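# Results of the structural survey
So the chains spell out like this:
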Amino acid sequence: MKIVIIGGGIAAVYLANNILNVDSSCSVTMLSDEEYIPYDRIHLCRLIESNNDVENIKLELNSAVNLQLKQTISNINKEKKQVLSNDKTYDYDKLIIATGSTPITLLDTNLENVSVFRNINDCKKIEQYCKTNEVVLVGSGPIALELLDTLNEMSEVKSITLLIRSKHLYDKYISAESMQIMENSFLKNKKVKISYEDEIVDTQIINNKIEVLKTKKLNIKNPFIVFGIGIKANAKPFEKFIDVNRGILVNEFMQSSDENIYAVGECSEVVKDNFVAGHVKECTTQANVAISHIFQKDIMRFELDTAVDMLKIGDFTLVEICSSDFNKDFEKVVIESIDKKRVDEYFLKDKKLIRFIGINSNIDTAYLEKVINEKDEIDLNYLYENRELSPRGKLVCACKHIYYEDLKNLIVSCKIDSFSSMKEFSEAGRVCGRCKKELDDIIIASQDLIDNKTPRKTLEEIKLEEELKRSQRSVDKFKKLHPKNDMDEKNLESALKMLDIGKGEINSWISMVTASMKLNPAFEDVVNDGLKNLNKIPIIWLELSDCSGNSEAFIKSSNPVLEDLIFDYISLDYHELLMSASGDESETILENIIKNDKGKYVLIVEGAVPLALDGKYLRIGKKGETGVELLKKCAKDAALVLAVGSCAFDGGVVSAYPNPTGAVGVAEALNRNDIINITGCPTNPINIVGTLLSYMMFEELPALDKFNRPLWAYEQRVHDNCERRGHYELGEFVKEWGDDGAKNGWCLFEMGCKGPYANVNCPSMKFNQGTSWPVQVGHGCMGCTELGFFDKFANERVYKETKEDEK
């Protein structure tokens, strides 16, 4: 396939490299209108402040790319699929336009002392004039502020005026506290003056040079004016060939009005959202979307995402995380530390975080981004408690959430000696690129810490360590976010001693749970910590239409052992079976949980949901609510819904033919596809605990099968792990109950065992503290974890497969 890319910036280079990653046989040609090899515009300041040249800020480009510089596009022949440039013709199968943006300016940049700040030639002009003229920077966005910081640190620059139309630096919604920190940083050298609510009103031009610049408040002689007031899509050159508005109009696949022409990055405008990209992350996401559509592999659609930006300037670092639907309708909470020059600004709407701006902030940006993406209610107590500098040090890369200590440890343990050698281990510095210079400095400074006598860690070891850290941080958050139970770890340890449950037994149980969840043994400490804090998750357990078998399996009253204690320790704030004697008080507790723990509690549902006669076959409580009404009320604001047992999965025995009550499973009753099913009749308590732990440790749903069951518990076929499997292979079957085969433990398949058709971990996890399971004691598997098991499998006949089983 011949692919031509028009453009030479970050998006174009990202496209070229990743196209070849997908298919190295492609012919990729890049047409750039610049005279320089592709470079990172984010680091243009480095060309002004030192003797660096383009080599120091160049972008890594695959050597297989045919790079053509100084190319000005004159025509696109869509019928012949050709691009004409500088009297050269380039054939294409797919054309991708990634020309970025052009800076907005209020004066003619052909004037001798007027410039923008967008490319290498602009840097040369700024470097030439900034040392002899009064520098006037117009605008207060990231571009202008970065240039201001660079010029402010150059001793040759004598005077700078920052001209701002508004009352604010950086953003109109930023707090006065944040502005003060920023101002102090810029004004420290006493050569910067900031003129707010000011703008250019007149100029005196002589011999193509502005001699006097007049603003509302100032008269500036011999100025050198640099505009940093924003950018616009570089789309106009293509309006003769494809549809253009603010940018090149594209669909969700980044396809223009011509199906063979795509546009990505700042030059494009997504029609569905009228969206024009402004951050590197958005540009690279659009590139990935276009590539997926071109190659028709794992096709993606472009969706608006949370934007992350970072500004590193002198005395402060600014981090911004902003929802795509942010608007002025918000409330704001500001947490300030004057002595530490730190401000955290939280923009809230309906108790949900929609934007964050932090000056020298220490908050976990990965957590905030997740909260915004998932539209969770924010816990201000957690944010306040975590405002201090963590052991991870300061934030270095906002895009990949890499902190100083994490980075230093990575460099030392993996013996990284350059930015390029770090690519194997981390994408830090490779998304927006803003932190690349700081990463270079940290790599150089950390070389003395590397011990050449210790072995170099592998990528797999690093990934495991990161997953462990992420899981531990998640558990730690639950300790603070859900203080629902007065019991703590000491209470649990005391109970274990009182019941004479030794440390070895506990460790063995922890190992068993860890192995069952298919986690690396290194996770045992995190699993242990998670178990001790399961009572921080508020849980509602609903008992609908069933036999209470799952509750009975989980809540045993005699001979208490570890599983019982763990379950007692879990914060079962509401369990209608156990609390039935409490009457009205239990209903009040339920209402309080739904109201006060909105978005935080876990809902566990046991039993089928009758729908016939408008649900009247099941009424609960003094109000006579139907089961389906109660379920919908409790599920609406639950953080997670678990359907426990076969009845909750698909109706189970309650929905068996002819099903007069119209019973269905929880997912069908709610018409939702995000319900986790823990099937079984009854289910193994370990699978419930493991799922709760997975939620606590990873703050996301575990990998699920087609029935939304956790793969770690339901991936394996019963037949494959059965201790009687050897007899099956030898053709040794029990023919009737009590025969010699039954006495010798032969295969139960001909007695109706459904092990070949059932997927669950019963053979490995067993029941009753791992004592046994049905097949071990001489009864075939009933396939109770499978869809429609009661009508299909609950008998002692050999099952005959149907076409439905092949699906």
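Residues numbered from 1 in each chain as written. Predicted model: local features only at pLDDT ≥ 70, side-chain atom pairs only at ≥ 80, totals over all residues. Heavy atoms only, no water.

## A few points about the packing of helix α9 (residues 404–414) against helix α10 (residues 436–445)
- Interhelical geometry of α9 versus α10 gives an angle of 50° and a closest axis separation of 10 Å. By the angle class used here, α9 and α10 are oblique. As α9 runs across α10, the sense of the crossing is right-handed. Counting all contacts with α9, which are made through Tyr404, Leu407 and Ile411, the residues of α10 involved are Leu439, Ile442 and Ile443.
- By residue class, the composition of the contact of α9 with α10 is six nonpolar, no polar and no charged. (Axes fitted to C-alpha atoms, helices over the stretch in contact; angles between N-to-C directions. Helix = DSSP H or I, 4+ residues; strand = E, 2+ residues; numbered from the N terminus. Parallel < 35°, antiparallel > 145°, perpendicular 65-115°, else oblique. Left-handed = near helix turned anticlockwise from the far one by under 90°. Contact = heavy atoms within 4.5 Å. Nonpolar A, V, L, I, M, F, W, Y, C, P; charged D, E, K, R; others polar.)

## Examining the nonpolar core
- Judged by nonpolar contacts, the single largest core of 49 residues is most densely connected at Ile5, Ile19, Ile96, Ile97, Ile248 and Met254.
- Contributions of two or more residues to this core are made by β1 (2–6), α1 (10–22), β2 (27–31), β7 (94–97), β18 (248–250), β19 (261–263) and α6 (280–295).
- Discounting chain neighbours no more than four positions away, the residues touching Ile19 are Ile3, Ile5, Cys26, Val28, Ile96, Ile291 and Phe295. (Core = buried A, V, L, I, M, F, W, Y, C linked by side-chain atoms within 4.5 Å. Buried < 20%, exposed > 50% of the residue type's maximum accessible area, 1.4 Å probe, protein only.)

## Some details on the environment of Val83
- Assignment of secondary structure puts Val83 in strand β5 (residues 82–85).
- The spatial distance from the C-alpha of Val83 to the C-alpha of Leu31 is 9.8 Å, given a sequence separation of 52 residues.
- Apart from the residues lying within four places of it in its own chain, the contact partners of Val83 are Val4, Ile6, Leu31, Ile73, Asn75, Lys88, Thr89, Tyr90, Tyr92 and Leu95.

## Things to note about empty space enclosed by the protein
- Across all of its chains, the model carries five cavities of 30 Å³ or more by this definition.
- The computed volume of the largest cavity comes to approximately 80 Å³.
- Lining the largest cavity, in full, are His719, Cys722, Arg724, Arg725, Cys747, Leu748, Phe749, Cys753, Gly755, Pro756 and Val775.
- Of the volumes computed, that of the second largest cavity is approximately 60 Å³.
- In terms of lining residues, the second largest cavity is bounded by Lys281, Glu282, Thr285, Phe302, Asp305, Thr306 and Ala307.
- It is α6 that contributes the most residues to the lining of the second largest cavity, three residues altogether. (1 Å grid on protein atoms, 1.4 Å probe; cavity = no way out; pocket = protein on both sides within 12 Å on 5 of 7 lines; lining within 4 Å. Points joined across faces, edges and corners; volume = space filled by probe spheres on them.)

## Concerning the sheet that holds β5
- With respect to topology, three strands assemble into an open sheet ordered β4-β5-β6, the strand pairing being antiparallel. What marks the edges here is a single partner per strand, and that holds for β4 (73–77) and β6 (88–91). Across this sheet, the average inter-strand angle for adjacent strands is 20°, counted without regard to direction.
- In the sheet, β4 pairs with β5 via four bridges, with the strands oriented antiparallel. Bridge assignment links Ile73 to a residue of β5, and that residue is Ser85. (Pairing = 2+ DSSP bridges.)

## Section: the sheet that holds strand β25 (residues 352–359)
- Spatially, β21-β22-β25-β24-β23 is the arrangement adopted by the five strands of the open sheet, whose pairing is antiparallel. Two strands close off the open sheet at either side, each with one partner strand: β21 (307–313) and β23 (331–337). Each strand of the sheet is rotated relative to its neighbour by a mean of 15°, with strand direction disregarded.
- The pairing of β21 with strand β22 (residues 316–322) spans seven bridges and is antiparallel. Opposite Ile313, over in β22, you have Phe316 as the bridge partner.

## Topic: helix α21 (residues 685–698)
- Helix length check: α21 (14 residues) gives 20 Å between terminal C-alpha atoms against 20 Å at 1.5 Å per residue, within 8%.
- Capping the start of α21 is the job of one residue whose side-chain oxygen sits 3.0 Å from the backbone nitrogen of Ile686: Asn684.
- Count one or two residues on from α21 and you reach Glu699, which has phi positive near 50°. (Expected span 1.5 Å × (residues − 1). Polar contact = N/O pair within 3.5 Å; in protein donor to acceptor, adjacent residues only side chain to side chain.)

## Comments concerning the layout of surface pockets
- Taken as a whole, the second largest pocket holds about 1,000 Å³ of empty space.
- Lining the second largest pocket are 36 residues, and of these Tyr14, Glu427, Gly429, Arg430 and Val431 lie nearest its centre.
- When contributions to the lining of the second largest pocket are tallied by element, the ones reaching two or more residues are α1 and α6.
- For the lining of the second largest pocket, the element with the highest residue contribution is α1, accounting for six residues.
- Its residues placed into classes, the lining of the second largest pocket shows 11 nonpolar, 13 polar and 12 charged.

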